[in-house]
Amino acid sequence: MKVRVGIEGFSIDSAHYTLSSPKDNQLHGHTYRVTVEVEGEVHEENGFVVDFNKLRELIKEAISSWDHKFIVPRRDMDKISITSPFKLEVKIIEAPYPTVEYIGMEIAKYVFTRLGSNFKVFVKIYEGSDSYALIEYP
Ligand SMILES: [Zn+2]
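Residues numbered from 1 in each chain as written. Predicted model: local features only at pLDDT ≥ 70, side-chain atom pairs only at ≥ 80, totals over all residues. Heavy atoms only, no water.

A few words on the coordination of the zinc ion. Each donor-metal-donor angle would ideally measure 109.5 degrees in four-coordinate tetrahedral geometry, or 90 or 180 degrees in six-coordinate octahedral geometry. Donor atoms from the polypeptide that bind the zinc ion are His16 (NE2), His28 (NE2) and His30 (NE2), placed at 1.9 to 2.0 Å. Within one chain, the residues serving as donors to the zinc ion are arranged as H-x11-H-x1-H. (Donors = N, O, S within 2.8 Å, 3.2 Å for Na, K, Ca; no water.)

Here it is, written out as structure tokens:
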């Protein structure tokens, strides 16, 4: 029997833009709230699908590279140049758009590749208070 366990309450603050949206093509920021669920069999030797402590550390790793970053698709990197007195760390996303859909997919893929193929990973990621993407990986 499959059981799904999860941890909620993570968040990322990032800047991005979405060239595919006339309203959102201005550089702006979001707080992304992240919940990660993992589905698998309960292991008889410990009673866990996955140890919450292990899962919490994995999620922290997965989201840390996105926090307080300017998220830019690789294909746009050579079109951007900013000089500033502030610190500017860019997170390159291997996707055509730096949308919540693709950010969520990257987080799901990160967790999945470290847990192994016996699991299915679900990521729910909110962009703002009422809009979200729900990713099932793979
Ligand atoms: Zn946005």
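Once you've had a look at it, read on.
Right, let's talk about the sheet that holds strand β2 (residues 28–41) for a bit. The sheet built from six strands is open, its strands ordered β4-β3-β1-β2-β5-β6 with mixed pairing. Only two strands of the sheet have a single neighbouring strand rather than two, namely β4 (90–93) and β6 (131–137). Between one strand axis and the next, the sheet turns by 35° as a mean value, whatever way the strands run. Relative to β2, strand β1 (residues 2–16) is paired through 13 bridges, and the arrangement is antiparallel. Bridged to Gly6 within β2 is Glu37. On the sheet, helix α1 (residues 52–64) packs against β1, β2 and β3 (69–73) and is oriented at approximately 25° with respect to β1. (Pairing = 2+ DSSP bridges. Helix = DSSP H or I, 4+ residues; strand = E, 2+ residues; numbered from the N terminus. Axes fitted to C-alpha atoms, helices over the stretch in contact; angles between N-to-C directions. Contact = heavy atoms within 4.5 Å.)

Before going further, it helps to spend a moment on the layout of surface pockets. Each pocket or cavity is described by its volume, and for the largest pocket that value is around 200 Å³. Lining the largest pocket, in full, are Ala15, Leu27, Asp67, His68, Lys69, Phe70, Ile82, Phe86, Lys87, Leu88 and Glu89. Residue classes in the lining of the largest pocket are distributed as six nonpolar, one polar and four charged. What lines the second largest pocket is simply Glu61, Ala62, Ser65, Trp66, Lys91, Ile92, Ile93, Glu94, Glu106, Ile107, Lys109 and Tyr110. (1 Å grid on protein atoms, 1.4 Å probe; cavity = no way out; pocket = protein on both sides within 12 Å on 5 of 7 lines; lining within 4 Å. Points joined across faces, edges and corners; volume = space filled by probe spheres on them. Nonpolar A, V, L, I, M, F, W, Y, C, P; charged D, E, K, R; others polar.)

Another point: the environment of Ile93. Its place among the elements puts Ile93 in strand β4. Judged by relative accessible area, Ile93 falls into the buried class, the value being 1%. In this structure, the C-alpha to C-alpha distance between Ile93 and Pro73, residues 20 residues apart in sequence, is 4.8 Å. Those residues in contact with Ile93 that sit more than four places away from it in its chain are Trp66, Ile71, Val72, Pro73, Arg74, Pro98, Tyr102, Ile103 and Glu106. (Buried < 20%, exposed > 50% of the residue type's maximum accessible area, 1.4 Å probe, protein only.)

Our next topic: a nonpolar patch on the surface. Residues Met77, Ile80, Ile82, Phe86, Leu88 and Val90 make up a contiguous nonpolar surface patch of about 460 Å² in total accessible area. Considering the arrangement of structural elements, one finds Val90 in strand β4. The exposure class assigned to Val90 is partly exposed, which follows from its relative accessible area of 37%. (Patch = residues over 30% accessible without salt bridge, like charges linked within 9 Å, V, L, I, M, F, W, Y side chains within 5 Å. Areas by Shrake-Rupley, 256 points an atom, 1.4 Å probe, with all protein chains shown as cover. Salt bridge = Lys/Arg side-chain N within 4 Å of Asp/Glu carboxyl O.)

This brings us to the pairing of β6. Direction of pairing for strand β5 (residues 120–127) relative to β6: antiparallel, over a ladder of seven bridges. Note that in β6 the partner of Lys124 across the bridge is Leu134. A loop of three residues connects β5 with β6, the two strands running antiparallel in sequence, and Gly128 in this loop sits at a positive phi of about 80°.

With five of its five residues buried, β3 lies for the most part within the structure. Covered by surrounding structure in β3 are Lys69, Ile71 and Pro73 together with Phe70 and Val72, the residues of both alternating faces. Inspection of the sheet shows β1 paired to β3 by two bridges, in the parallel sense. Counterpart to Ser14 in the pairing with β3 is Lys69. As paired strands, β3 and β4 are joined by four bridges and run parallel to one another.

Geometry only, nothing functional implied.
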